[in-house]
Amino acid sequence: MNYKRFAIVLLLGLFIQNYALPLQVKSAEERRIAIVYMSEYDEPTKNVYFWEATFSAFATSIQTDPVSQVDEQFIKDAHTLVFIGEREGVLPKQFRQIVDAFQGEIIAFGENVDQLHHFQSWQMKEKETLRTLEGELLVSPKEVRVMTPPKERDVVARGMSIDRDIPYISVHGRASYIASTMSDPVAQLTVTRWLSTKYHRHMPTKHEAFIRLEGIHPMTEAETVRKISAPFIKRQLPFYLSVTPVYTNRETGEQVYLQQNKTLVGVLQSLQQQGGIIIANGYEGVYRQLTHGEDPEFWDQLYKQRITSRVPKEDVAPLLTYSDFPSKTLYNEYIQGIDDEEQQYVEEKLTLAIEAFVNQKLYPLAFQAPLHAMSQNGYEVASTHFTSMFGNIQMSDQYFESTAPLMISKPLAAGGMEVYPDTLGAIQADEKESLLKVKNRLLELQTIQGSVIGGSYSVYQSPELLEALLQMIEQTSHPEWVDLRKRQQLTQTNHITIHQQLDGDLQVETDRSIFSMIIQRLKRNPFESALWLMAGIVLLFIIAFFVYVSTLRMRLRKRLFEERAHDG
Amino acid sequence: MANILFYCALILIWVMLLYHMFLMQGGYWHFLTYEKVLPKWKSKMVDLPTVSVFIPAHNEEVVIGQTLQAMSQLYYPKDKIEIIVINDNSSDRTGEIAQSYANKYPFIRVLETKPPNKGKGKSSALNEALANSSGEMIVVYDADNTPEKMSVWYLVMGLMNDPKSAAMVGKFRVVNAKETWLTRFINIETICFQWMAQGGRWKWFKVATIPGTNFAIRRSIIEELGGWDVKALAEDTELTIRVYNLGYHIRFFPAAITWEQEPETLKVWWNQRTRWARGNQYVVLKFLTQIFDMKRKRIVFDLFYFFFTYFLFFFGVIVSNILFIVNLFYDLGLSIGNVALVLWGLAFLLFLAEVMITLSIEKTEMNRTNFFYVILMYFTYSQMWIVLVVWSLYLEIKRMILGQEAKWYKTERFAQKKKED
């Protein structure tokens, strides 16, 4: 009997083990997050994009939709539901029912959470103006929704108005609440820190790090690039060279191409062999060749909107909004037209950029939008050419304003590219206390497990300061330097594939015909190409003319010989 | 700004160079084909027309004798040819020498110019002869020419067989080619000009320019045109345009050959070529204003060619040279790459190839000495032309502004030592 009972328990145990084991593994390796937002016109806002980017660092899969479009299917397999309430309003009944039935955890930001079943035991209060968060002053005071959790100990992070204590992050059971959707730097740190603590089991213990050498273009002195790269080579560290393959003189409109600076190309090729990784920082770097102010290549700064025409026009109509159209269909048709135009522009520039690099035996493994400006549609297009991008992400199609999540992630905002964000920003050597600022930021980042240490450093700045910077990062954060040469990367155009393998092997395949290369050259520099074409034709004529000369000489000799023979 | 100027210069220069390259190809083909018509044309040489040969002469005592000696040996029925020496206000023995030949040969006579044509230049002299002659065909030779025996016959043959031609233009060669370094350059230049510009334009466009000498024109045409333009310094170019405007063409027929003297000193060369350049500039400016009224558009094209040659091309070369020199001392930030150097090299090679073809056509002219002269010519003689055209333009503009009368420069002659082959 005992034997039988033991056998049953054993079988049951084995069954449970076999059944439960995959579930445990699944939950440990996978975290599917569904993000639902409620905003004006159901369009994702910069806050939505930012939080999506942040959550994507913790998720194995993530999907995002406006509240009006959410159905059961959408959150069926999700482990976590994130609700971002950007505006006040009544939640759709279907959504509420879906959420009420949802068994996973819920993280809610901002407005309207009181309408959800999970927060019924919470107490909603009047809005307050938040000034500090976790003792840090916000960039600007922000009005937040005050929701008090059932128990005081449920408050995880607190803020302050002028005179009142405000719960900012609270957790009660499966429900968590964040008092605002804002992506203020302090809020970014606070929420990301909380999330990394929450999910800490799955985060790496070391901080990944990279420094991007920025500002390299065909007019850059090769020696400058060589010198600034020396600290990395000395340490045998991977480093990043952000290169724009065409220099555009905004005063004259003249352009200088990478192949025209053979010395620079030689140095870049050499650095590529010594750990340098090329990042394609756009193609020409500018869109309109504005003589003053910023002029990002993938953003129309003159009209402060996304690219609406492949060739910059003097008179551009401002982008229309949903309210300008009588129906959503007409609006969508209009937007599709803009999308197509922008897509062709970005497509062409990135194709030209990749080709320009490959022509010089330089192989970009990642993309960077000049001045970090690009629309969501632009990032979508870029993601068809690159698997990774560096720098900040522009989180809105309405404003030229970019921000960086604190983790390496694959956010929706970047069209699915893996983003290596500038968490340190651009390091300015001319600022006296720049290193101190960097150190403070490093310490902040250290509080967030798994955050990345990333920054850019202009090649025109001092190599000595860079040396000091590297020392500081190494001493403060014990970084693990990001090496894209040891990660799978894919850079491609219709005719070029650059495939970086995990084992460090780089495969480059091109199937460009001479004809297509000629066409490309013609497009890039029609006048000079025409001159080369003319030179070719002239050369053919010269050859023909010398053949004529030879023929005439032979004919003369023959005649003289015949005359001599005739004369005896 | 420097870049724009450089690109403009480059375009102007290469439009001309490409056009000449194209002409050279035509010239070569013309050389290969122009003699093919001879058997057919010869068969029609019956019932020959009367011919008046005009030789305008002003103080030509040094050369007129040998010219008339050559004229006396022309292959043409003597009862159908009259050779008229137009003695235009000569103060030397020109008239006397000419008269001695007139006394000896009945088909030679001397015509003294009378007011208002007297001493007014070549056009006036030719008009005088036109009024005092009767030949159905008019042939013109300069006083220093020694035409080959068959030249008039070939010129007339061309006109008899090509009814669309108002004029037939022969080829001229340099008799004193080996005298000085300058005549060597001129020899190369004239050979090149004739096969490239004359032969090439004829082959492609049925266009040729009447030179000052060795050409035949129908009396009916020249009378319809009202004779030669007495104001024109380049009366030949001016006449060419009027002939085309009348609806005819001018054929380059290199079977008709004459030998002529070229300037042996720089001073003579400078004065003669300045007259030519100014004459052509005058023609361009005269006809450019009438361009839309012209019947024959192909001559409009030719006018543009002259306009390009005497105005734009040289402007391009000068600008390009200035930019090159300035850039040696001050970085102008020229953005053009290696293609500019390649084009510079190709321009030189093209020049070399073109000249070598034309010299090879003239058989023994393509020799080692001339090869080195061709190379030297690119850097010396060709550059002298730039200065000359600028100077001519200055004089012509000055003349137009001040309303001055065009002054005919009489080319100085040199005693001929021997005829070269």
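Residues numbered from 1 in each chain as written. Chains lettered and ligands numbered in written order. Predicted model: local features only at pLDDT ≥ 70, side-chain atom pairs only at ≥ 80, totals over all residues.

### Some thoughts on the overall build of chain A
Point 1. Looking only at helices and strands, chain A has 13 helices and 27 strands in total.
Point 2. Taken over 568 residues, chain A has a buried fraction of 42%.
Point 3. Taking contacts inside chain A between residues at least 6 apart in sequence as the whole, the part at least 24 apart equals 69%. (Helix = DSSP H or I, 4+ residues; strand = E, 2+ residues; numbered from the N terminus. Buried ≥ 20, exposed ≤ 12 C-beta atoms within 10 Å, placed from the backbone. Contact = placed C-beta atoms within 7 Å.)

### Considerations on the nonpolar core
Point 1. Core analysis: the largest hydrophobic core is formed by 138 residues, its most contacted members being Leu81, Leu241, Leu268, Ile278 and Ile279 of chain A.
Point 2. Beyond its immediate chain neighbours, meaning those up to four positions away, Ile279 of chain A contacts Arg212, Tyr240, Leu241, Ser242, Val243, Pro364, Ala366, Phe367, Gln368 and Phe390 of chain A.
Point 3. In terms of nonpolar packing, the next biggest core, distinct from the first, is built from 82 residues, Leu12, Tyr141, Ala234 and Leu239 of chain B among them. (Core = buried A, V, L, I, M, F, W, Y, C linked by C-beta atoms within 7 Å.)

### Remarks on the pairing of strand β2 (residues 61-66) of chain A
Point 1. The sheet contact formed by strand β1 (residues 32-38) of chain A and β2 of chain A spans 6 bridges and is parallel. In the strand pairing of β2 of chain A, Ile33 of chain A is matched with Ile62 of chain A. (Pairing = 2+ DSSP bridges.)

### Details of the interface of chain B and chain A
Point 1. Facing the 23 residues of chain B at the interface are 20 residues of chain A.
Point 2. For the side of chain B that touches chain A, the secondary-structure elements that each account for two or more residues are α1 (2-33) and α12 (338-361) of chain B.
Point 3. Tallied by class, residues from the side of chain B that touches chain A come to 17 nonpolar, 4 polar and 2 charged. (Nonpolar A, V, L, I, M, F, W, Y, C, P; charged D, E, K, R; others polar.)

### Description of the sheet that holds strand β7 (residues 136-144) of chain A
All names here are of chain A.
Point 1. Overall, mixed pairing links the 9 strands, which are arranged β2-β1-β3-β4-β11-β10-β9-β6-β7 in an open sheet. Both edges of this open sheet fall to β2 and β7, since each of them pairs with a single strand only. Averaged over neighbouring strand pairs, the angle between their axes works out to 25 degrees when direction is ignored.
Point 2. For β1 and strand β3 (residues 80-85), the ladder comprises 6 bridges, and the chain directions are parallel. Across the sheet, Ala34 pairs through a bridge with Leu81, a residue of β3. (Axes fitted to C-alpha atoms, helices over the stretch in contact; angles between N-to-C directions.)

### A closer look at the packing of α1 of chain B against helix α7 (residues 181-205) of chain B
All names here are of chain B.
Point 1. Packing of α1 against α7 leaves a shortest axis separation of 7 Å and a crossing angle of 80 degrees. As judged from the angle between their axes, α1 and α7 are roughly perpendicular. Across the interface between the two elements, His20, Leu23, Met24, Gly26, Gly27, Trp29, His30 and Phe31 from α1 touch Trp195, Met196, Ala197, Gly199, Gly200, Arg201, Trp202, Lys203 and Trp204 from α7.
Point 2. Taken together, the residues of the contact of α1 with α7 sort by class into 9 nonpolar, 6 polar and 2 charged. (Parallel < 35°, antiparallel > 145°, perpendicular 65-115°, else oblique.)

### A word on the sheet that holds strand β8 (residues 249-260) of chain B
Residue and element names in this part refer to chain B.
Point 1. Strands sit in the order β3-β2-β1-β4-β7-β6-β8-β5 across an open sheet of 8 strands; the sheet is mixed. The open sheet has two edge strands with one neighbour each: β3 (108-112) and β5 (146-147).
Point 2. Pairing analysis gives 2 bridges linking β5 to β8, with the strands arranged antiparallel. Across the sheet, residue Thr146 finds its bridge partner in β8, namely Trp259.

### Section: the confidence of the model for chain B
Residues and elements named next belong to chain B.
Point 1. Put simply, chain B has an average pLDDT of 86, and 94% of its residues get 70 or more.
Point 2. Mean pLDDT across the elements of chain B bottoms out in helix α11 (residues 297-329) (80) and peaks in strand β4 (residues 137-140) (96).
Point 3. At the level of chain-chain contacts, confidence expressed as ipTM amounts to 0.84, with global pTM at 0.59. (pLDDT = per-residue confidence, 0-100.)

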